[in-house]
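Examining the three-dimensional arrangement
Below, each chain spelled out in residue letters.
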Amino acid sequence: RGNKDAALAMLGTLGTARADAARAEIYAGRKDWPKAVSALTAWEQKAVSGANLTDHQQAMLMRLVVAAALSSDAPTLQRVAATYGATMAKSHSAALFRVLTSPPVQQEADLPRAFEDIQQTRQLLDNLHETESP
């Protein structure tokens, strides 16, 4: 409970999806995003098969996307977008998934997509503020 290093060592020996998720949680708490990505990728390999995703799997993939974005891990973002983009487009997290996995703006032709991403982010923030208001 208090010794996270010991917990990480023990969890690392278990080799289960639940242990990987717990390791990811500890790493995220430490803001060690690359290790969180690694743990969540290990979770993904054990817990996700096929295109039909449960709500829990979608939430865990969103955690992976957030950790990858925070660690500037473009290859993971690209892989997750290519693998789960169509399925996540139907989820309640579709807009956030798309914004986080979109490639960076590199040329003028990318500006319309970037503008749309900005609009989606504003909508997400407005929706979040509405749900927080009494």
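The structure we're discussing is the one just above.
Notes on the structure in this doc start here. (Residues numbered from 1 in each chain as written. Predicted model: local features only at pLDDT ≥ 70, side-chain atom pairs only at ≥ 80, totals over all residues. Heavy atoms only, no water.)

**Remarks on the overall build of the chain**
Filter applied, for reference: Note on conventions: DSSP H or I runs of at least 4 residues are helices, E runs of at least 2 residues are strands, and numbering of each starts at the N terminus. Each residue is placed in one exposure class: buried if its accessible area under a 1.4 Å probe, protein chains only, is under 20% of its type's maximum, exposed if it is over 50%, and partly exposed if it falls in between. Here, residues are in contact when the closest pair of their heavy atoms is within 4.5 Å. Surface accessibility follows the Shrake-Rupley procedure with a 1.4 Å probe radius. Residue values consider only the protein chains on display as shielding.
A tally of helices and strands in the chain yields seven helices and zero strands. Ordered by position in the sequence, the α and β elements of the chain form the string α-α-α-α-α-α-α. Evaluated residue by residue, the chain yields a buried proportion of 34% over its 134 residues. Put simply, 43% of the contacts in the chain that link residues at least 6 apart link residues at least 24 apart. When the accessible surface of the chain is summed, it comes to about 8,600 Å², and 55% of that surface belongs to carbon and sulfur atoms.

**Here we look at the side chain of Ser91**
Note the threshold: Definition of a polar contact: a pair of N or O atoms within 3.5 Å, with one able to donate and the other able to accept a hydrogen when the atoms are protein atoms, and with sequence-neighbouring residues admitted only if both atoms are side-chain atoms.
Inspection of the secondary structure assignment puts Ser91 in the loop between helix H5 (74-88) and helix H6 (94-101). Of the polar contacts made by the side chain of Ser91, one reaches the backbone nitrogen of Ser93; its length is 3.2 Å.

**Brief notes about helix H1 (residues 4-14)**
Put simply, Asn3 is the residue that caps the front of H1, since its side-chain oxygen is 3.3 Å from the backbone nitrogen of Asp5. With its phi angle positive at about 70°, Gly15 sits one or two positions after the end of H1.

**Overview of the packing of helix H4 (residues 55-70) against H6**
Heads up, the rule is: To define axes, lines are fitted to C-alpha atoms, for helices over the stretch in contact only, and angles between the resulting N-to-C directions are given on a 0 to 180 degree scale. When describing relative orientation, an angle under 35 degrees is termed roughly parallel and one over 145 degrees roughly antiparallel, while 65 to 115 degrees is termed roughly perpendicular and anything else oblique. With the far helix as reference, a near helix turned anticlockwise by less than a right angle produces a left-handed crossing, and one turned clockwise produces a right-handed crossing. Residues are grouped as follows: Ala, Val, Leu, Ile, Met, Phe, Trp, Tyr, Cys and Pro are nonpolar; Asp, Glu, Lys and Arg are charged; all remaining types, including Gly, are polar.
As a packed pair, H4 and H6 sit with axes 10 Å apart at the nearest point and diverge in direction by 30°. The angle between H4 and H6 falls in the class roughly parallel. Every pair of crossing elements has a handedness; the one defined by H4 and H6 is left-handed. For the pair H4 and H6, contact is made by Met62, Val65, Val66 and Ala69 and by Leu96, Phe97, Leu100 and Thr101, respectively. For the contact of H4 with H6, the per-class residue count stands at seven nonpolar, one polar and no charged.

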